[in-house]
Amino acid sequence: PRAAGEGLALDAALDAARRGNAVRTFLAVEGLAMPSEARLAEMARQLYGARGDSRVRIVHAGATLVRHRGVARIVRMEDAPAPWRVDWRGERELDLGRGRGQVRFTTARGAGLAAELCAAGDWHFAPRHGGERLRLAPGAPTRTLKNLLREAAVPEWQRERLPLLFHGARIAWAPGIGVAAELACAPDAPGLVPDWTPAPSSLSD
């Protein structure tokens, strides 16, 4: 039997009746109220009928059903992250608190953030607030973080939970994406390479 939180694999080979039964069982396991038969059929149609990894968001009973990589999952309204900020003052290990995991910095030559820039200034971790842009290499175009996360196949409901490193108002680093080119160390200079370890179960896929 499926446990709560595991998600529902959306098998396209199922007929309409079995799709409805699968969604019904999924909602029951997750402890959500049962919709009407018509509503249940429409939920199954949207979840199973979406093309590829098209965005699917179905609000139901105080939660949202989402689809990612052929799996339906529940995002509960109370799971929405509240605004937060954790200052970074050069520590090699930093606990982000409240289930956000830890960031560790290792020293390397020619990789990561320029060490001399990390010694001073307003450095802090915070979640996305929208509109962030990042240039990953000198001379490369500035890209929206939204597009970079999409290309990296980070699920939409997980993107708001990523801890971003800021230097003042400028994004300096995003997990799985990289370091801003203007804050990166030179090829022969000392650098600090950040690495994020999520809290257990905070970003299950």
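Thresholds applied
- Residues numbered from 1 in each chain as written.
- Predicted model: local features only at pLDDT ≥ 70, side-chain atom pairs only at ≥ 80, totals over all residues.
- Heavy atoms only, no water.
- Core = buried A, V, L, I, M, F, W, Y, C linked by side-chain atoms within 4.5 Å.
- Buried < 20%, exposed > 50% of the residue type's maximum accessible area, 1.4 Å probe, protein only.
- Helix = DSSP H or I, 4+ residues; strand = E, 2+ residues; numbered from the N terminus.
- Pairing = 2+ DSSP bridges.
- Salt bridge = Lys/Arg side-chain N within 4 Å of Asp/Glu carboxyl O.
- Phe/Tyr/Trp six-rings, centres within 6.5 Å; stacked < 30°, edge-to-face > 60°.

Core analysis: the biggest nonpolar cluster contains 31 residues, and Trp88, Leu96, Phe105, Leu113, Trp123, Phe125 and Leu165 have the highest contact counts within it. When residues of this core are traced back to their parent elements, those giving at least two are strand E7 (102-109), strand E9 (123-126), helix H4 (145-151), strand E12 (164-167), strand E13 (170-174) and strand E15 (190-197). Counting residues in hydrophobic clusters, the runner-up holds 20 residues, among them Ala22, Val23, Ala72 and Ile74.

Sheet topology places E9 next to E12; 4 bridges connect them, and they run antiparallel. When the bridges of E12 are listed, Phe125 appears paired with Leu165. Where E12 meets E13, 3 bridges bridge the pair, whose relative direction is antiparallel. Within E13, the position partnered with His167 by the bridge is Arg170. Connecting E12 to the antiparallel partner E13 that follows it, the hairpin turn spans 2 residues, and Gly168 within it adopts a positive phi of roughly 65°.

Per the counting criterion, the structure on display carries 7 salt bridges. For Arg85, the salt bridge identified is with Asp87, shortest N-O distance 2.8 Å. For Glu151, the salt bridge is made with Arg143, and the minimal N-O distance between the two is 2.4 Å. The exposure class of Arg143 is partly exposed, given its relative accessible area of 27%.

Judged by pairing direction, the sheet is antiparallel, and its 5 strands sit side by side in the order E5-E9-E12-E13-E14 without closing on themselves. In the strand order of this sheet, the two ends are held by strand E5 (86-87) and strand E14 (178-179), each with one partner. Pairing between E5 and E9: 2 bridges, direction antiparallel. Paired with Val86 across the two strands is Phe125, which belongs to E9.

This paragraph deals with the pairing of E15. Sheet topology note: the E7/E15 ladder contains 8 bridges and is antiparallel. Looking at E15, one finds that Thr106 is bridged to Val193. With 2 bridges connecting them, strand E8 (residues 113-114) and E15 associate as antiparallel partners. From the neighbouring strand, Leu113 faces E15, where its bridge partner is Leu192.

The next thing to look at is the packing of aromatic side chains. Scanning the model with the defined rule gives 4 aromatic pairs in all. For the ring pair Trp88 and Trp123, a centre distance of 5.7 Å and an interplane angle of 90° mean the geometry is edge-to-face. A residue pair is termed long-range when its members are at least 10 positions apart, and Trp88 in the loop between E5 and strand E6 (93-95) and Trp123 in strand E9 qualify at 35 residues. With respect to burial, Trp88 and Trp123 carry one shared label: buried. On the basis of an interplanar angle of 90° and a centroid distance of 6.4 Å, the ring pair of Phe125 and Trp173 is categorised as edge-to-face. Taken together, the residues Phe125 in strand E9 and Trp173 in strand E13 connect sequence positions 48 residues apart. Of the residues examined, Trp173 reaches a relative accessible area of 6% and is grouped as buried. Chaining the aromatic ring pairs together yields one cluster made of Trp88, Phe105, Trp123, Phe125 and Trp173.

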